[in-house]
Amino acid sequence: MKKKATILALCTSLVLTFALAGCSTNGGQNEAAKATGAAGAKEATGKKAKISYLDPLPSPERTALMQGLLKKFQEKNPNIEVEYTSVPWDDANKKWMTMGAAGILPDVLSIDDTSLVAMASAGYIENLQPFYDKWDQLNNLTEATKQARNKYKGNVYAIPDGFLLQGLFIRSDWFKELNMPETIATWDDYFNLAQKFTDSAKNRYGISFRGGANGVIRAMEYVMAAVHSDSWFDKDGKSILYKPEGAAAFKKFYDVYLNGNAPKESVNWGFNEMVQGFLNGQTAILNQTPEVIISAQKNMKEGTWNVVPMPKADDGKRYIFWGYTAAYAMSSKSQNKEASWKLIEFLSSPENNLAYSIKNSTIPIYKDNLKDPFFSKGPIAGYAGSMADSNIVFAGPPSHLTKLGQFTGTFAVEETQKYLTKAQSLEDTVKHLADFLTKEQQAYMKENP
């Protein structure tokens, strides 16, 4: 990214201001010293390397955990000093992009998957592939970790810390009432159970349906499974909704609502409403992430609910969306890259990744860690089961499209609700959605050949 000298000077001034006033550091260490030393230069004596770490997810619990891990690292590596810095998540992307432009990123930082490509393409973060190739834990990584969105132009730029993904919350007590095993093995099972659990006279319905914002993402998750595609598009950039089997899958997904297997009001449901529908005993099945576990534990009786893995498609694969909460990256300007990689390697070690995952209710990056008893029982086991499956396919939305938020939050809501209220035909609805997506994808492909 080319910048005029005046803009670069302004960015530098802004970042120094941020460094002096905006970051919280361990023990109130001098922020000016942190800013000037952010590139990780060795101390003048040359006896001790000084590096810095930026945490964008500070909370009392997480900060204590990360500072404890950094203390252990320094005890094992007395010749390396690590300075902890944090920034609120809402400000993180703006801050690290500004610091990257000014060349003073901390040596190691945790970033999310939506920022990685921008930072890698701008040259702000280091290509970790040379370190990654020599890493002694490669064979222990889960398939999900290997497929994670932590790459740019085929090279690894960050090491995931742990994963969040979709799973199916189920009413265990409803399954027991019907003398059925607590499992949803396939998508056909999902749709059949939606009918079996519906009893409108008792205000019971099969599915916590999401007709509001972002509901189309769950629909596309099933469309991808039905089409056996790892993308919303074919090789020419055309939406898979144009395919006959794609349109048929779209219809089948939304027929859950049209057939009365979801509450009538769920045509407008968003995250909170669909979760509440499950918690209050109105619905049998809820497609959601691990964060809902805490709400279920607080609001539902033990033994009345559980979580099972997402269903498999008819090709035996699970097409689901997952992402890391953050990932450890390295500043390309770091003057102590060996020490920085050593810190990333330490934080990502099996022992520390297990402790981190248990503390934060995330799915670990290692196959061996998934065997820990914590992930083999209770609701978290449903998520771990998905990540342990070698037949898992990343089926997330096309986050590279700048108008994706407009599509999932507004356009698709309006179009699908027209269909669900019978104000628009299936054919017109599918065409409008496919046309929007295809236009955006082909424009992106033209600009990024």
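Fair warning: this is a prediction, and the values are worked out from it, not measured in the lab. (Residues numbered from 1 in each chain as written. Predicted model: local features only at pLDDT ≥ 70, side-chain atom pairs only at ≥ 80, totals over all residues. Heavy atoms only, no water.)

A. Inspection of helix α18 (residues 426-447) at higher detail. Between its terminal C-alpha atoms α18 stretches 32 Å, which fits the 32 Å expected from 22 residues at 1.5 Å a residue. Contacts made by the buried residues of α18 are with α11 (244-258) and α17 (404-420). (Helix = DSSP H or I, 4+ residues; strand = E, 2+ residues; numbered from the N terminus. Expected span 1.5 Å × (residues − 1). Contact = heavy atoms within 4.5 Å.)

B. Representation of the pairing of strand β15 (residues 327-330). On β15, burial covers both faces: Ala327 and Ala329 on one face and Tyr328 and Met330 on the other are all buried. Bridge count between strand β4 (residues 108-111) and β15: 4 bridges; the pairing is antiparallel. Note that in β15 the partner of serine 110 across the bridge is tyrosine 328. As judged from the 2 bridges shared by strand β7 (residues 159-160) and β15, these two strands associate in the antiparallel manner. (Buried < 20%, exposed > 50% of the residue type's maximum accessible area, 1.4 Å probe, protein only. Pairing = 2+ DSSP bridges.)

C. Highlighting the sheet that holds strand β11 (residues 283-288). The mixed open sheet is built from 4 strands, whose spatial order is β10-β11-β9-β12. The sheet terminates laterally at β10 (205-207) and β12 (306-308), the two strands that pair on one side only. Across this sheet, the average inter-strand angle for adjacent strands is 25°, counted without regard to direction. One ladder, built from 2 bridges, connects β10 with β11; its direction is parallel. Looking at β11, one finds that tyrosine 205 is bridged to threonine 283. Contacts between helix α12 (residues 271-279) and the sheet are confined to β9 (167-170) and β11, with β11 contributing the most and set at about 140° to the helix. (Axes fitted to C-alpha atoms, helices over the stretch in contact; angles between N-to-C directions.)

D. Structural view of unusual backbone geometry. With a phi close to 65°, histidine 228 is a non-glycine residue in the positive phi region. Along the chain, histidine 228 turns up in the loop between α10 (215-227) and α11. We note that serine 361 has phi near 55°; this positive angle belongs to a residue other than glycine. Along the polypeptide, serine 361 turns up in the loop between α15 (350-360) and α16 (380-388). Of the residues examined, serine 361 reaches a relative accessible area of 32% and is grouped as partly exposed.

E. Quick look at the pattern of salt bridges. Overall, the coordinates contain 15 salt bridges when judged by the stated rule. Across the salt bridge formed by lysine 312 and aspartate 389, the nearest N and O atoms sit 3.6 Å from each other. Highlighted residues: lysine 312 in the loop between β12 and β13 (318-320) and aspartate 389 in the loop between α16 and β16 (392-394), separated in sequence by 77 residues. Its relative accessible area of 26% is what places lysine 312 among the partly exposed residues. Classification of aspartate 389 by relative accessible area gives buried; the value is 12%. (Salt bridge = Lys/Arg side-chain N within 4 Å of Asp/Glu carboxyl O.)

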